[in-house]
Amino acid sequence: MPEKVDTIISEPIGTFLLNERMLETFVIARDKFLKPGGRMFPTRANLHIVPFSDQAIWDEQLYKAEFWK
């Protein structure tokens, strides 16, 4: 079993913190490597969401989906 640590520092850069299963990875790292009472950094994140419309992006994504039909 791996040695437990006092602190885990990460660089959570991605799309809405969900890209590349980042949140799942943090939870697994916490459970597997962090000592009881240990700290993880960063401790929070801010999401800023703004609705917009872009026909070119919509068409591109639609074309990708058409591949599977």
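Here, the structure is the one placed above.
The sections below set out a description of the structure shown in this document. Note that the structure is a prediction, hence the values are computed from the model and not measured. (Residues numbered from 1 in each chain as written. Predicted model: local features only at pLDDT ≥ 70, side-chain atom pairs only at ≥ 80, totals over all residues. Heavy atoms only, no water.)

**Comments concerning the overall build of the protein chain**
A count of helical and extended segments in the protein chain gives two helices and two strands. The linear arrangement of helices and strands in the protein chain, starting from the amino end, is β-α-β-α. Within the protein chain, buried positions represent 7% of all 69 residues. Element-wise, carbon and sulfur atoms account for 60% of the exposed surface of the protein chain, whose accessible area totals about 6,600 Å². (Helix = DSSP H or I, 4+ residues; strand = E, 2+ residues; numbered from the N terminus. Buried < 20%, exposed > 50% of the residue type's maximum accessible area, 1.4 Å probe, protein only. Areas by Shrake-Rupley, 256 points an atom, 1.4 Å probe, with all protein chains shown as cover.)

**A closer look at unusual backbone geometry**
Each neighbour pair has its own omega, and for Phe41 with Pro42 the value is 0°, a cis peptide bond. By secondary structure assignment, the location of Pro42 is in the loop between strand E2 (34-41) and helix H2 (55-66).

**Section: the pattern of salt bridges**
Scanning all chains against the criterion turns up three salt bridges. With its nearest N and O atoms 3.5 Å apart, the salt bridge here joins Asp6 to Lys35. With Asp6 in strand E1 (residues 5-9) and Lys35 in strand E2, the pair connects residues that are 29 residues apart, well separated along the chain. In this structure Asp6 comes out as partly exposed when scored by relative accessible area, which is 48%. The partner of Glu60 in a salt bridge is Lys64, with the nearest N and O atoms 3.7 Å apart. Of the two residues, Glu60 and Lys64 are both situated in helix H2; the distance of four residues between them amounts to about one turn of the helix. What makes Lys64 partly exposed here is its relative accessible area of 45%. (Salt bridge = Lys/Arg side-chain N within 4 Å of Asp/Glu carboxyl O.)

**Looking at the environment of Ser10**
Positionally, Ser10 belongs in the loop between E1 and helix H1 (22-33). According to the relative accessible area criterion, Ser10 is partly exposed, its value standing at 28%. Ser10 has contacts with Phe26, Phe41 and Pro42, leaving out every residue within four places of it along the chain. (Contact = heavy atoms within 4.5 Å.)

None of the figures reported here should be taken as evidence of function without further support.
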